[in-house]
Amino acid sequence: MTATMRPAQGSNISLARRAWEIRRKALRMGQVQGQGYIGQALGVADVLAVAYFHAMDYRPEDPEWEGRDRFLLSIGHYAIALYAVLIEAGILPEDELETYGMDDSRMPMSGMASYTPGMEITGGSLGHGLGIAVGMAMGLKRKKNPAFVINLMSDGELGEGSTWEAAMSASAQGLDNLICIIDFNDQQADGPSTQVLSSEPLPEKWQAFGWFTQRVDGNDIDAVRAAFDAARAHPGPQPRAIIFDTVMCRGVPFLEAREITHFVRVEADEWDKALAVLDEGKPL
Ligand SMILES: [Mg+2]
């Protein structure tokens, strides 16, 4: 089978710097359009940095390479975050950042597979990514393709019944090539996820559904990297779940402090302020 292809292996750019670049690109897109799901993008940036610059095999110049690990954005409204990492990875050209959300752009505000290289599925309606991931992982196994399927979902999607049907199927099928990562920021459209419909105790639930399960701080890059490594290397036949606890708007404290962060309101003059705050913490 095809050799592995980790584009960033051997790079001297740190994962912290990659995460910073992802945050900055997402903020710039938000500034272009005057809006966006920026709280989620800032919160999940560390997870995306590790996924694309440590954990995944892919070829930037050939986004449909058959041997690639598939990254599924179940949460289509997080597209601004995925575009930022696709640009950082060289799958999308940087100058397209300025077209975010505009007519004829390849970067619509909600992720659509037919528009964007590297966007594997059209995510949202919510709760469907994991079911698609199960089908993809089954297909790869039948083709004896060793690639992984990585499904990124939100804590809000834990309230969808389809998520748990898919979780049950994945372990029944022995999908050891499937990694489900959950961005647990304790926010969804209607309020804190633990109050809207609590899914705790979460690790115990995934374990009971037959998954090899980890829960770590999703804004601690070393912990995120170790969790991805353990998920890939786990010798058992189980599918793998990683619950990443993240902070909405991470990296921009005056936005982190906002009470309502699901669709955070950023005034026209605040984009430059947010960028300036981020720039103060630029890693080497
Ligand atoms: Mg959430």
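Cut-off values and rules
- Residues numbered from 1 in each chain as written.
- Predicted model: local features only at pLDDT ≥ 70, side-chain atom pairs only at ≥ 80, totals over all residues.
- UniProt positions renumbered as here; feature names shortened; annotations may be inferred.
- Helix = DSSP H or I, 4+ residues; strand = E, 2+ residues; numbered from the N terminus.
- Pairing = 2+ DSSP bridges.
- Axes fitted to C-alpha atoms, helices over the stretch in contact; angles between N-to-C directions.
- Contact = placed C-beta atoms within 7 Å.
- Buried ≥ 20, exposed ≤ 12 C-beta atoms within 10 Å, placed from the backbone.
- Right-handed = clockwise from strand over helix to strand, strands pointing away.
- Parallel < 35°, antiparallel > 145°, perpendicular 65-115°, else oblique.
- Left-handed = near helix turned anticlockwise from the far one by under 90°.
- Nonpolar A, V, L, I, M, F, W, Y, C, P; charged D, E, K, R; others polar.

The chain has the name Transketolase in an unreviewed UniProt entry, where Paracoccus spongiarum is given as its organism. Under Cofactor (unreviewed entry), UniProt gives the following word-for-word description of the chain: "thiamine diphosphate".

A. Looking closely at unusual backbone geometry. In this structure, the amide linkage connecting E200 to the following residue, P201, adopts the cis form with an omega of 0 degrees. Phi angles above zero are rare outside glycine, and C249 is one such case at about 70 degrees. Relative to the helices and strands, C249 resides in the loop between strand 5 (240-245) and helix 9 (253-256).

B. The UniProt feature "transmembrane region" (unreviewed entry) in the chain, seen in detail. Per the UniProt entry, the sites bearing "transmembrane region" (unreviewed entry) are residues 71-92 and 112-134 in this numbering. Within the segment residues 112-134, helix and strand shares are 26% and 0% respectively, and the terminal C-alpha atoms sit 19 Å apart.

C. Representation of the sheet that holds strand 3 (residues 178-184) in the model. As summarised here, the arrangement of the five strands in space is 1-2-3-5-4, forming an open sheet in which the pairing is parallel. Every other strand in the sheet has two partners, leaving strand 1 (70-73) and strand 4 (212-217) as the edge strands with one partner each. Within this sheet the neighbouring strands show an average axis-to-axis angle of 20 degrees, counted without direction. Where strand 1 meets strand 2 (residues 149-154), four bridges bridge the pair, whose relative direction is parallel. Looking at strand 2, one finds that F71 is bridged to I150. Its contacts with the sheet place helix 2 (residues 38-55) against strand 1, strand 2, strand 3 and strand 5, and it is angled at close to 160 degrees to strand 3.

D. Quick look at the pairing of strand 3. In terms of burial, strand 3 is a largely internal element, seven of the seven residues being buried. Residues L178, C180, I182 and F184 line one face of strand 3 and the alternating positions I179, I181 and D183 line the opposite face, and both faces are buried. In this structure, strand 2 lies alongside strand 3, joined through six bridges in parallel fashion. If you follow S154 over to strand 3, its bridge partner there is D183. Viewed along the sheet, the connection from strand 2 through helix 5 (residues 161-172) into strand 3 turns out right-handed. Sheet topology places strand 3 next to strand 5; six bridges connect them, and they run parallel. Its bridge partner lying in strand 5, I182 is registered against I243.

E. Spatial organisation of the packing of helix 1 (residues 15-33) against helix 3 (residues 79-88). For the pair helix 1 and helix 3, the least separation of the axes is 8 Å and the interaxial angle reads 125 degrees. Between helix 1 and helix 3, the interaxial angle falls into the category oblique. Considering the relative orientation of helix 1 and helix 3, their crossing is right-handed. Counted together, R18, E21, I22, K25, A26, M29 and G30 of helix 1 and I80, A81, Y83, A84, V85, I87 and E88 of helix 3 form the full contact between these two elements. Looking at side-chain class alone, the contact of helix 1 with helix 3 contains nine nonpolar, one polar and four charged residues.

F. The arrangement of the environment of I182 in detail. Examined against the element boundaries, I182 turns out to sit in strand 3. Sequence separation of I182 and M136 is 46 residues, and the distance between their C-alpha atoms is 18 Å. Apart from the residues lying within four places of it in its own chain, the contact partners of I182 are M153, D155, A241, I243 and F244.

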